[in-house]
Amino acid sequence: MKLAKEYLNALAKLVLLSVIAAAVLGAVYIPTQVQLKIYQEEQRQLALREVMPGAVSFDQVLSGEETLYYRALDVNNSLIGYCFFRDQSGSQSVITVAGGIDTNYTVTGIKIMTHAETPGLGAKIVEPWFGEQFKGVEGSKLMLSKKGGAIDAITGATISSQAVIDAIQYKVDEIQEKEK
Amino acid sequence: MAEMTIKGEYIRGIIKENPIFALVLGLCPTLAVTTSVENALGMSGAALFVLLGSNIMVSALRKQIPPITRLPMFIIIICTFVTIIDMVMEAYTPPLYKALGIFIPLIVVNCIIIGRAEAYANRNTVKFSIVDAFGIGTGFLLVLVLIGIIRELLGTGMIVLFGYHLISIPINPATFMILPGGAFMTIGVLMALVNYGRIRKLREV
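Quick caveat, the model's predicted, so the values are computed rather than measured. (Residues numbered from 1 in each chain as written. Chains lettered and ligands numbered in written order. Predicted model: local features only at pLDDT ≥ 70, side-chain atom pairs only at ≥ 80, totals over all residues. Heavy atoms only, no water.)

1. Considerations on the nonpolar core
Reasoning step 1: Formed by 43 residues in total, the largest nonpolar core has its most connected members in Met43, Val50, Met89, Leu100, Ile104 and Ile107 of chain B.
Reasoning step 2: Elements supplying a minimum of two residues to this core: α1 (2–51) of chain A together with α2 (27–33), α3 (37–60), α4 (70–92), α5 (94–100), α6 (111–121), α7 (126–156) and α8 (180–204) of chain B.
Reasoning step 3: Here the element with the most residues in this core is α4 of chain B; it accounts for nine residues.
Reasoning step 4: Residue contacts for Ile107 of chain B: discarding those within four places in its chain leaves Met43, Ala46, Ala47, Val50, Ile78, Val82 and Ile113 of chain B.
Reasoning step 5: By size, the runner-up hydrophobic cluster in this structure holds 28 residues, among which are Phe84, Val107, Ile125 and Ile168 of chain A. (Core = buried A, V, L, I, M, F, W, Y, C linked by side-chain atoms within 4.5 Å. Buried < 20%, exposed > 50% of the residue type's maximum accessible area, 1.4 Å probe, protein only. Helix = DSSP H or I, 4+ residues; strand = E, 2+ residues; numbered from the N terminus. Contact = heavy atoms within 4.5 Å.)

2. Remarks on the pairing of strand β4 (residues 94–102) of chain A
Residue and element names in this part refer to chain A.
Reasoning step 1: The element β4 is extensively covered by neighbouring structure, given that seven of its nine residues are classed as buried.
Reasoning step 2: Of the strand pairs in this sheet, strand β3 (residues 79–89) and β4 are connected by nine bridges, and their pairing is antiparallel. Along β4, the bridge assignment pairs Phe84 with Gly99.
Reasoning step 3: The hairpin formed by β3 and β4 contains four residues between the paired strands.
Reasoning step 4: In this sheet, strand β5 (residues 107–114) lies alongside β4 in antiparallel orientation, the contact comprising six bridges. Looking at the pairing, Ile101 lines up with Val107 of β5.
Reasoning step 5: Hairpin connection of β4 to β5: four residues between the antiparallel strands, including Tyr105 at a positive phi of 65°. (Pairing = 2+ DSSP bridges.)

3. Looking at the sheet that holds β3 of chain A
All names here are of chain A.
Reasoning step 1: If you trace the five strands from one edge of the open sheet to the other, you get β1-β2-β3-β4-β5, paired in antiparallel fashion. Each edge of the open sheet carries a strand with a single partner, namely β1 (57–63) and β5. Neighbour-to-neighbour, the strand axes of the sheet open up by a mean angle of 25°, direction not taken into account.
Reasoning step 2: In terms of strand pairing, β1 meets strand β2 (residues 66–73) through seven bridges, oriented antiparallel. Paired with Ser57 across the two strands is Leu73, which belongs to β2.
Reasoning step 3: α1 contacts β1, β2, β3, β4 and β5 of the sheet and is inclined by roughly 155° relative to β5.
Reasoning step 4: Strands β2, β3, β4 and β5 of the sheet are contacted by helix α3 (residues 158–179), whose axis makes an angle of about 135° with β3. (Axes fitted to C-alpha atoms, helices over the stretch in contact; angles between N-to-C directions.)

4. A short note on the layout of surface pockets
Reasoning step 1: Each pocket or cavity is described by its volume, and for the largest pocket that value is around 1,100 Å³.
Reasoning step 2: Of all the secondary structure elements, the ones that give two or more residues to the lining of the largest pocket are α1, β2, β3, β5 and α3 of chain A together with α5 of chain B.
Reasoning step 3: The leading source of residues in the lining of the largest pocket is α1 of chain A, at seven residues.
Reasoning step 4: Here the lining of the largest pocket is composed, by residue class, of 12 nonpolar, seven polar and 11 charged. (1 Å grid on protein atoms, 1.4 Å probe; cavity = no way out; pocket = protein on both sides within 12 Å on 5 of 7 lines; lining within 4 Å. Points joined across faces, edges and corners; volume = space filled by probe spheres on them. Nonpolar A, V, L, I, M, F, W, Y, C, P; charged D, E, K, R; others polar.)

5. Considerations on the interface of chain B and chain A
Reasoning step 1: In this assembly, 18 residues from chain B lie in contact with 17 residues from chain A.
Reasoning step 2: Around 1,600 Å² of area is buried between chain B and chain A when both sides are counted, 82% of it from carbon and sulfur atoms.
Reasoning step 3: Summed over the shared surface of chain B and chain A, the number is zero salt bridges.
Reasoning step 4: Along the lines of polarity and charge, the residues of the side of chain B that touches chain A split into 13 nonpolar, four polar and one charged. (Buried area = accessible area lost by both parts, 1.4 Å probe. Salt bridge = Lys/Arg side-chain N within 4 Å of Asp/Glu carboxyl O.)

Okay, structure coming up:
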């Protein structure tokens, strides 16, 4: 009986401590998430400028609450292209890609925002040479080079490479459809 | 046993029980994040925060913590503080958070912190546990910053701290010092020097 009481006592204290810990973490989580959102938005604004050099403002194209893509405008307020973000399933994780295309649907730049692909293989999608390949590529050439496209896959990471292409291709098709 | 004084307990954490050179604990983050002085400061700051929080909570609850569940309870306390600092750093210092990466969550299993909970805070008053946390934390910080200075200076030829250019020396930077090999070499040489000094002191006595 005494032993059972001791166990119950220990158990109750463990549960109580866990509940307090959870409450404290919840209280910290809310304000830090707000701050994190602000930071992510800043990063997105920087990425838009990076993938679309020359643009000074970006108009959101909305579908309900969701931002589908951005219309990039230059100093004279004329349309120079479109920018977008796309979450695409890669090999191990969801890859968030930022991309820009000009009015002829030729890629002006891409940037990998976040990913958790395999280090040493898929994670190489962030390397500059991989992203550089997309510059100046038109929609029809957005394929891996072994399929006749313009993009060389990363050795050992075909799925991750293909995912980045799919992300861009998906958005190019979507924008083409909308802007027709 | 000699009576504990605040100053004595503080100094003990820096010299006699320095976590890296004397206790040889927490070597993994020490090797990994000392690529620059800034990273070293961020890491030891985070560790100090967790150590302080965990020492305070463990010593305050030491009479309430049942011996059979003490380790899970220590871990819950440490986890809570680590998650707090993890979320705060992610939100407010994103570049530093990115540089330290996995080593912030890994403070949970940092043997310095759980070691102090078990060996010190669980047996001492809140007051001395706070002093102990500051002592050990300072010891950790000094070693990390020292290694950071050596590696950043030799590896890049300069020290940049929070955007300010502090020192630069006219050398041909050895990238090797920034890589893991440089970490092993630096800490090996430092530890050899520390032990050399210690042995000489022993012989004199």
